[in-house]
Amino acid sequence: MLVLVVDSSTPAVTAALAEVTADGVALRAHRCTVDARAHGELLAPQVEAVLVDVDARPADLGAIVAGLGPGPFTGLRVGLVTAATVGQVLGIPTYGVCSLDGIGHPGPAPAGTTGGTAVGEPRVLVAADARRKEVYWAVYDGSGRRIVGPEVDAPAVAAARARELAVTEAVGDGAHRYADVLGLPLRAEPRYPDAAALVALAAARIRAGAPGETLTPLYLRRPDAVAATSRKSVLP
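Throughout what follows, the structure given in this document is the object of discussion. If you're wondering where the values come from, they're calculated on a predicted model, not measured in any experiment.

What to know about the side chain of glutamate 169
Within the element layout of this structure, glutamate 169 appears in strand β9 (residues 169–171). Note on glutamate 169: relative accessible area 18%, which makes it buried. For glutamate 169, the side chain forms a polar contact with the side chain of arginine 187, separated by 3.0 Å.

What follows is the structure, given as structure tokens:
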């Protein structure tokens, strides 16, 4: 099945196409542009571009996977509205994945390794820039299972929680941005949600033909712009 993947929860605007089969997931086309101020301008052209890359049409899509955030209100809603609209128009299911999971996912195990949870396995802090001198963060075990989060806090608060949870390293753009505060060894990549990881995390639902889900954004805090709660008098 050909699956469209979109994520706009971070400054990285991502669109990709993946082939989901009974045996695995293969990324067939991928576009990613880092620009925190152009989510609306970039995402739709990138969706069109990945379809062209594999000579496919929208009608060839069987499902859509979207990163749910957490992320800033304006950017995050671009990806979710796009995914929901395309899914509704085409009549195909949409599946959501926490965008931080797309950074904390460990990827395929190296050849020759076996499954299972190792004793003393690393714990990883995933941090994305939340602006306002804060980070969106979560903690994952060595298998990529999220054990805490997602949360939004000052980097110092995330660092304190990471120490309590015996975290051994950090990853993500927020981790690089606040490396001096977090005080943890850094993984170089991924800095942003990985399209292959997002679709891999939804693959079981896709294969099972699970009903499509409402794409509920993980904003974690209120938007900057709020409606006035009272009228202000203009009279002296």
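Read on, since the account is not over.
Re the packing of aromatic side chains
If you walk through the whole model with that rule in mind, you get one aromatic pair. Seen from their ring centres, phenylalanine 73 and tyrosine 219 are 4.8 Å apart, and the 40° between their planes marks the pair as tilted. Of this pair, phenylalanine 73 sits in helix α2 (residues 73–90) while tyrosine 219 is found in the segment after α7 (195–208), placing the two residues 146 residues apart along the sequence. Given a relative accessible area of 31%, phenylalanine 73 falls into the partly exposed group.

Focus on the pairing of strand β5 (residues 94–97)
Within a regular strand, the side chains alternate between the two sheet faces. Side chains of β5 alternate between two faces, with Thr94 and Gly96 and Tyr95 and Val97 buried alike. Pairing geometry for strand β4 (residues 61–67) and β5, over four bridges, is parallel. Looking across to β5, one finds that valine 65 is bridged to tyrosine 95. Since β4 and β5 lie parallel, the crossover through α2 that links them has a hand, and here it is right-handed.

Let's talk about the sheet that holds strand β3 (residues 25–34)
Strands sit in the order β3-β2-β1-β4-β5 across an open sheet of five strands; the sheet is mixed. Each edge of the open sheet is held by one strand with a lone partner, namely β3 and β5. For this sheet, the mean angle separating the axes of adjacent strands, direction not counted, is 20°. Where strand β2 (residues 12–20) lies against β3, nine bridges are found, and the strand directions are antiparallel. Bridging from a neighbouring strand, alanine 16 pairs with histidine 30 of β3. Sitting on the sheet, helix α1 (residues 39–53) is in contact with β1 (2–7), β2, β3 and β4, with an inclination near 25° to β2. Its contacts with the sheet place α7 against β1, β2, β3, β4 and β5, and it is angled at close to 130° to β5.

About the criteria used
- Residues numbered from 1 in each chain as written.
- Predicted model: local features only at pLDDT ≥ 70, side-chain atom pairs only at ≥ 80, totals over all residues.
- Heavy atoms only, no water.
- Helix = DSSP H or I, 4+ residues; strand = E, 2+ residues; numbered from the N terminus.
- Buried < 20%, exposed > 50% of the residue type's maximum accessible area, 1.4 Å probe, protein only.
- Polar contact = N/O pair within 3.5 Å; in protein donor to acceptor, adjacent residues only side chain to side chain.
- Phe/Tyr/Trp six-rings, centres within 6.5 Å; stacked < 30°, edge-to-face > 60°.
- Pairing = 2+ DSSP bridges.
- Right-handed = clockwise from strand over helix to strand, strands pointing away.
- Axes fitted to C-alpha atoms, helices over the stretch in contact; angles between N-to-C directions.
- Contact = heavy atoms within 4.5 Å.

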